[in-house]
Amino acid sequence: MTPPRPDRVSVRAPATSANLGPGFDALGLAVQLYNEFHVATRADGEVRIRVEGEGAGEVPLDGRHLVVRAMREAFERVGEELPGLDLHCVNGIPHARGLGSSSSAIVGGVAAASALLGRAGAGGGPDRDWIYQVAADIEGHPDNVAPCVHGGYTVAFRDGDSWGAARLTPDERLLPVLCVPGWRLSTERARGLLPETVSHADAAFNAGRAALMTAAVCGQTESLYAATEDRLHEAYRAPAMPRTLELIRDLRQHEKLPAVVSGAGPTVLVLCSVPEGRAQEDSPEIIRQVDSIRRRAGNDWDIRPLHIEPAGVRTPSPHP
């Protein structure tokens, strides 16, 4: 006997940092900053939306809302019509900063739809494989979607007509530190600055550094500085975010810290770490690195040390 479908669900989807320097459109990391979506179905077919936190007063409160659009696409994938909804969004991820806010909304919407449709993965949790395929199709590139769905550190790729992802566990000595500016940059504008072609030498350089990045994140943290060098996208985006690239150069040249553009920017990601055999918590090395980031960044940046989110999107108990 098929169990009854729920009529309400809560979803928590994490922020993500993609590219990580050389891994353009492929590498991503989930961090412990979240958007929450509380959904209940309505019999009258209406869609009612309430938004708290980031984006409140800015995003549409109708069927154009990105969470609703993602839910509608998910329902249509199985040949069903989206029911009426009460949607309550509690947003902690800043918009247009390179932290995967749109991917969080898409993944959250697809995960909510999956739960309402009665889909479940192994152990009764979210059907992550299905969520990932639908969400990556909507987003169009998987680098933010993969860590949002699966958590940890991910390598995402196109696999024929579907999307593939390898999830790896980052070294516990690693601490992402995000430098979030007060200004925004749309992904569309940032992508519009990229050239149509790149040289074979630059492509080969990035291939090697992207491979090194996986080794660095997953155990060889001493290689992080070299692994975060890029020749495919960061310099081309400098005209749209000169202060971002200036801070990255400052942190790399003067502090020898592995700083990169987070996603499409303008946030800066610094991958801080402690030496082998040391614990991260209350580490003098981590405290020193974060203090140096604050000093170099100044008052125009919100410095956020955030732990890595290990599990990705979750569907905890429904919101009352």
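Residues numbered from 1 in each chain as written. Predicted model: local features only at pLDDT ≥ 70, side-chain atom pairs only at ≥ 80, totals over all residues. Heavy atoms only, no water.

## A few points about unusual backbone geometry
Item 1. Each neighbour pair has its own omega, and for G265 with P266 the value is 10°, a cis peptide bond.
Item 2. Among the structural elements, P266 can be located in the loop between β8 (259–261) and β9 (268–273).
Item 3. A positive phi angle, close to 55°, is found at A96, a residue other than glycine.
Item 4. With respect to the element layout, A96 can be found in the loop between β4 (84–91) and α2 (101–116).
Item 5. Here A96 falls in the partly exposed class, since its relative accessible area comes to 27%. (Helix = DSSP H or I, 4+ residues; strand = E, 2+ residues; numbered from the N terminus. Buried < 20%, exposed > 50% of the residue type's maximum accessible area, 1.4 Å probe, protein only.)

## Observations concerning helix α1 (residues 66–77)
Item 1. For α1, spanning 12 residues, the distance from its first C-alpha to its last is 17 Å, which sits close to the expected 16 Å at 1.5 Å a residue.
Item 2. Within α1 the residues assigned to the buried category are V67, V68, A70, M71, A74 and F75. One face of α1 carries all of its buried residues, which in axial projection span an arc of 160°.
Item 3. Just downstream of α1 lies G79, where phi reads positive at about 75°. (Expected span 1.5 Å × (residues − 1). Arc of directions from axis to C-beta.)

## Observations regarding the environment of R184
Item 1. Relative to the helices and strands, R184 is located in the loop between β7 (174–181) and α5 (187–192).
Item 2. On the basis of relative accessible area, R184 is assigned to the partly exposed category, the value being 42%.
Item 3. C-alpha separation for the pair R184 and A165, spaced 19 residues apart in sequence, amounts to 29 Å.
Item 4. Other than its neighbours up to four places away in sequence, R184 contacts E58, H95, A96, R97 and P266. (Contact = heavy atoms within 4.5 Å.)

## Side note on the side chain of R97
Item 1. By secondary structure assignment, the location of R97 is in the loop between β4 and α2.
Item 2. Looking at R97, its side chain comes within polar contact range of the main-chain oxygen of H95, at 2.7 Å.
Item 3. Setting aside chain neighbours within four positions, we find R97 in contact with V180, P181, G182, W183, R184, S262, G265, P266 and T267. (Polar contact = N/O pair within 3.5 Å; in protein donor to acceptor, adjacent residues only side chain to side chain.)

## As for the pattern of salt bridges
Item 1. One pass over the structure, following the stated rule, counts 21 salt bridges.
Item 2. Here R243 ties to D300 by a salt bridge, and the two come within 2.7 Å at their closest N and O atoms. With R243 in helix α8 (residues 242–255) and D300 in the loop between α9 (284–297) and β10 (301–305), the pair connects residues that are 57 residues apart, well separated along the chain.
Item 3. A relative accessible area of 38% places R243 in the partly exposed class.
Item 4. We note a salt bridge from R314 to E309, for which the minimum N-O separation is 2.9 Å.
Item 5. For R314, a relative accessible area of 31% puts it in the partly exposed group.
Item 6. Taking the relative accessible area as the measure of exposure, E309 reaches 1% and is therefore buried.
Item 7. One connected set of salt bridges, linked through shared partners, spans E73, R77, D137 and R158. (Salt bridge = Lys/Arg side-chain N within 4 Å of Asp/Glu carboxyl O.)

## Considerations on the layout of surface pockets
Item 1. Size it by volume and the largest pocket reaches roughly 830 Å³.
Item 2. In terms of lining, the largest pocket is formed by 41 residues, of which the most central are L66, S101, S102, S103 and T187.
Item 3. Those elements that provide at least two residues to the lining of the largest pocket are β2 (27–42), α1, α2, α3 (128–139) and α5.
Item 4. Looking at the lining of the largest pocket element by element, the count peaks at five residues for α2.
Item 5. Of the residues belonging to the lining of the largest pocket, the class tally is 15 nonpolar, 16 polar and 10 charged. (1 Å grid on protein atoms, 1.4 Å probe; cavity = no way out; pocket = protein on both sides within 12 Å on 5 of 7 lines; lining within 4 Å. Points joined across faces, edges and corners; volume = space filled by probe spheres on them. Nonpolar A, V, L, I, M, F, W, Y, C, P; charged D, E, K, R; others polar.)

Everything listed here is a matter of coordinates, which is why it stays silent on function.
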